Amino acid sequence: MEIERKYLITQLPFDPEEYSCKIIQQGYLCTNPVVRVRRSNDRYILTYKGEGLMVREEYNLPLTRESYEHLLQKADGNIISKKRYLIPYNDTLTIELDIFEGDLAPLMLAEVEFETEDDANSFTPPEWFGRDVTFEKTYHNSNLSQKNL
């Protein structure tokens with residue numbers, strides 16, 4: 001189960017290069033339900049995501065590089081490239097700051113994953129977070145991949 005809040009970011013009060021980073025490339029084989037292939041640094045993953053906005057089922061399966069490259073060629077829409085910075089927020093939370101590249105630049109989104117819905121609903125974001133877009137389908141990566149950019 002994935003429980004996640006998502007926020008637009010318009011300006012950063014720090015240099016993201018100070019934090020660890022993952023280079024991510026992903027494509028969508030299907031957007032309803034969501035079936036995605038992703039390369040995150042040197043890891044390759046096939047993901048299924050169920051319906052929902054803040055709370056939804058998520059299953060991840062490892063892929064080989066060869067399987068990933070084969071499946072990526074079958075992706076519908078645009079391939080998404082982004083840098084994901086991992087920013088510790090408190091003792092239990094990490095902010096995942098995605099800075100999109102290519103046609104989606106200069107889009108920046110911050111995601112925070114939670115253990116429970118109560119935790120997600122009671123979350124107070126840091127001041128540098130912009131609008132909460134958790135419940136806006138437009139900002140799901142699967143929808144971003146389908147945009148004519």
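Thresholds applied
Numbering of residues starts from 1 in each chain and follows the order in which that chain's sequence is written. Whole-chain, interface and lining totals are the exception, using all residues; otherwise, since this is a predicted model, local features are given only for residues with pLDDT of at least 70 and side-chain atom pairs are given and counted only at 80 or more. Excluding hydrogens and water, the side-chain figures rest on all heavy atoms present in the structure. In DSSP terms, a helix is any run of H or I states spanning at least four residues, a strand is any run of E spanning at least two, and both are numbered starting from the N terminus. Put simply, the radius of gyration uses C-alpha atoms, and a globule should come to 2.2 Å times the residue count raised to 0.38. A 1.4 Å probe rolled over the protein chains alone gives each residue an accessible area, and that area as a share of the maximum for its type sets the label: buried under 20%, exposed over 50%, partly exposed in between. Every residue pair with non-hydrogen atoms within 4.5 Å of one another is taken to be in contact. DSSP bridges decide pairing: two strands pair if at least two such bridges lie between them. Simply put, an axis is a line fit to the C-alpha atoms, just over the touching stretch for a helix, and the angle between two N-to-C directions goes from 0 to 180 degrees. The pairing test for Phe, Tyr and Trp rings, Trp by its six-membered ring, is centres within 6.5 Å, and the orientation test on the planes gives stacked under 30 degrees, edge-to-face over 60, and tilted for anything in between. For this analysis, a polar contact is any N or O atom pair within 3.5 Å, provided that within protein one partner can donate a hydrogen and the other can accept it, and provided that sequence-adjacent residues contribute only side-chain to side-chain pairs.

**Considering the overall build of the chain**
Here comes step 1: Along its length, the chain carries three helices and nine strands.
Here comes step 2: Tracing the chain from N to C terminus, the helices and strands come up as β-β-β-β-β-β-α-β-β-β-α-α.
Here comes step 3: Relative to the globule expectation of 15 Å for 149 residues, the C-alpha radius of gyration of the chain, 15 Å, shows essentially globular dimensions.
Here comes step 4: Its C-alpha atoms put the chain at 40 × 30 × 30 Å along the principal axes.
Here comes step 5: The buried share among the 149 residues of the chain stands at 41%.
Here comes step 6: Residue pairs at least 24 apart in sequence account for 60% of intrachain contacts in the chain once pairs closer than 6 positions are excluded.

**Focus on the sheet that holds strand β2 (residues 20–31)**
In a beta sheet, neighbouring strands pair by backbone hydrogen bonds and run either parallel or antiparallel.
Here comes step 1: Ordered in space as β5-β1-β9-β8-β7-β2-β3-β4-β6, the nine strands form an open sheet in which the pairing is antiparallel. On the outer flanks of this sheet lie β5 (55–56) and β6 (58–62), each paired with one strand and no other.
Here comes step 2: Its contacts with the sheet put helix α1 (residues 65–72) on β2, β3 (34–40), β4 (43–49) and β7 (76–88), and the angle it makes with β2 is roughly 50°.

**Focus: the environment of G77**
Here comes step 1: On the secondary structure map, G77 appears in strand β7.
Here comes step 2: When its relative accessible area of 47% is taken as the criterion, G77 is described as partly exposed.
Here comes step 3: The spatial distance from the C-alpha of G77 to the C-alpha of A110 is 23 Å, given a sequence separation of 33 residues.
Here comes step 4: Residues contacting G77, with those up to four places away along its chain left out, are S145 and Q146.

**Observations regarding the pairing of strand β8 (residues 94–100)**
Here comes step 1: Most of β8 sits out of view: five of its seven residues are buried.
Here comes step 2: Here β7 runs beside β8; their pairing, made up of seven bridges, is antiparallel. Each residue of the ladder has a partner; that of I87, found in β8, is I95.
Here comes step 3: From the end of β7 to the start of β8, which pair antiparallel, there are five residues.

**Focus on the side chain of E111**
Here comes step 1: Tracing the chain through its elements places E111 in strand β9 (residues 108–113).
Here comes step 2: Judged by its relative accessible area of 5%, E111 is buried.
Here comes step 3: Sequence-distant contacts of E111, defined by excluding residues within four places in its chain, comprise E4, R5, K6, R84, T94, I95, E96, D98 and N141.

**Some points on the packing of aromatic side chains**
Here comes step 1: All chains considered together, the criterion is met by 10 aromatic pairs.
Here comes step 2: Aromatic ring contacts, followed pair by pair, group Y7, F14, Y19, Y89, F114, F123, W128 and F129 into a single cluster.

**A look at the side chain of D98**
Here comes step 1: Structurally, the position occupied by D98 is in strand β8.
Here comes step 2: Separated by 2.7 Å, the side chains of D98 and R84 make a polar contact.
Here comes step 3: Setting aside residues up to four positions removed in sequence, D98 forms contacts with K82, K83, R84, L107, M108, L109 and E111.

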